[in-house]
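Commentary on secondary and tertiary structure
Spelled out from the first residue to the last, the chains are:
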Amino acid sequence: QTCDDINECAEPNEVELDCSDDCFNIPGSFLCGCNHGFTLGPDERTCWDNNECLSDNGGCQHVCNNTAGSFYCNCWRGYELDPDSYSCKDIDECDLDDDDCTDLCFNTPGSYQCSCPDGYQLDEDLVTCIDFDECRNHWHDCDPITMVCVNAIGNFSCNCRSGYMPSVNTPGTCERPGDDPPQDPCLSRDCDQICNNTVGVAECSCYAGFRL
């Protein structure tokens, strides 16, 4: 009499012998196998998920997400997945108009920064530009004696104080009406070589190798 092999894969005789995935018949027995992304467990019947993320982060540059029998890559905020499905590239929010800046936008790796034109500064929200008060912050060149600083939106101006008027001889300055501009005393001093204006007094001096 001839003994024929029993194909356990086609006719499992006991529930505990069933393979969770693939079954391969061999003479007198059978072997279990697993689909891609799974590993055969110690009972040699059950297939366990193979967590690809545990090995070199699954090859993902940023974030690896394990799934049943597979995985996929994600990127940090401010980046997008490259066509290779592994690498991440920076998103230029400024170029895509995907920013909240009211004025100037500068792209940075994974993010962006807002900036403002001269005369303005960033508000506490770091995206809105508001006027920068040059007068209050002493960011001006107004003469403190003859002028007063007047702030304007995005700028400032220097106005003459009470009792002063814009100078005719020196634009951008203020003077009292009737004031004569200070004269250089050296203009009326006959120095042979060098004349030094020292607080309104002309003093003569000589070049090296000479004396008065």
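Placed above this text is the structure.
To keep things clear, this report deals only with the structure shown in the data block. Note that the structure is a prediction, hence the values are computed from the model and not measured.

A separate point is the state of the cysteines. Evaluation of the coordinates by the stated rule reveals 14 disulfides. Through a disulfide, Cys116 is tied to Cys129; the S-S separation comes to 2.1 Å. Because the torsion about its S-S bond is -100°, the bridge between Cys116 and Cys129 counts as left-handed. In this pair, Cys116 is assigned in the loop between strand 10 (111-115) and strand 11 (120-122) and Cys129 in strand 12 (residues 129-131), connecting sequence segments 13 residues apart. Left unpaired, Cys3 is separated from the closest cysteine sulfur, that of Cys9, by 19 Å. Take Cys206: it sits in no disulfide, and the sulfur closest to it among the cysteines is that of Cys204, at 8.2 Å. A relative accessible area of 24% means that Cys206 is categorised as partly exposed.

The next point concerns the pairing of strand 10. Of the pairings in the sheet, the one linking strand 9 (residues 104-108) to strand 10 comprises five bridges and is antiparallel in character. Paired with Phe106 across the two strands is Gln113, which belongs to strand 10.

To continue, consider the pattern of salt bridges. Pairing between side chains of opposite charge can happen when the charged atoms of each approach one another. Under the counting rule described, the total for this entry stands at one salt bridge. The residue Lys89 makes a salt bridge to Glu80 at a minimum N-O spacing of 4.0 Å.

Moving on to the pairing of strand 5 (residues 63-67). In the sheet, strand 5 pairs with strand 6 (residues 70-74) via five bridges, with the strands oriented antiparallel. Of the residues in strand 6, the one forming a bridge with Asn65 is Tyr72. Adjacent in sequence and paired antiparallel, strand 5 and strand 6 are bridged by two residues, among which Gly69 carries a positive phi angle near 85°.

Before going further, it helps to examine unusual backbone geometry. The backbone phi angle of Asp97 is positive, close to 55°, even though this residue is not glycine. A positive phi angle is found at His138, which is not glycine, with a value near 55°. With respect to the secondary-structure elements, His138 resides in the loop between strand 12 and strand 13 (147-152).

Here we come to the packing of aromatic side chains. To describe a pair of aromatic rings, you give the distance between the ring centres and the angle between the ring planes. As enumerated under the stated definition, the model contains three aromatic pairs in all. Between Trp76 and Tyr79, the ring centres sit 6.4 Å apart and the planes meet at 85°, which makes this aromatic pair edge-to-face. The partly exposed category is assigned to Trp76, whose relative accessible area is 48%. On the basis of relative accessible area, Tyr79 is assigned to the partly exposed category, the value being 23%. Between the aromatic rings of Phe132 and Trp139, the centroid separation amounts to 6.3 Å while the plane-to-plane angle is 85°, which identifies the pairing as edge-to-face. Among the residues examined, Phe132 registers a relative accessible area of 17% and is labelled buried.

Turning our attention to the nonpolar core. The biggest cluster of nonpolar side chains holds five residues, and these are Cys135, Cys142, Met147, Cys149 and Cys174. Once residues lying within four places of it in the same chain are set aside, the contact partners of Cys142 are Met147, Cys149, Phe156, Ser157 and Cys158.

Moving on, we get to the side chain of Glu134. Residue placement: Glu134 occurs in the loop between strand 12 and strand 13. Although buried, Glu134 forms no salt bridge, and the nearest oppositely charged side chain, Arg136, lies 10 Å from it. Not counting residues within four places of it along the chain, the set of residues in contact with Glu134 comprises Gly119, Trp139, His140, Asn151, Gly154, Asn155 and Phe156.

Parameters at a glance
Residues numbered from 1 in each chain as written. Predicted model: local features only at pLDDT ≥ 70, side-chain atom pairs only at ≥ 80, totals over all residues. Heavy atoms only, no water. Disulfide = S-S within 2.5 Å. Helix = DSSP H or I, 4+ residues; strand = E, 2+ residues; numbered from the N terminus. Buried < 20%, exposed > 50% of the residue type's maximum accessible area, 1.4 Å probe, protein only. Pairing = 2+ DSSP bridges. Salt bridge = Lys/Arg side-chain N within 4 Å of Asp/Glu carboxyl O. Phe/Tyr/Trp six-rings, centres within 6.5 Å; stacked < 30°, edge-to-face > 60°. Core = buried A, V, L, I, M, F, W, Y, C linked by side-chain atoms within 4.5 Å. Contact = heavy atoms within 4.5 Å. Lys, Arg positive; Asp, Glu negative; His and termini not counted.

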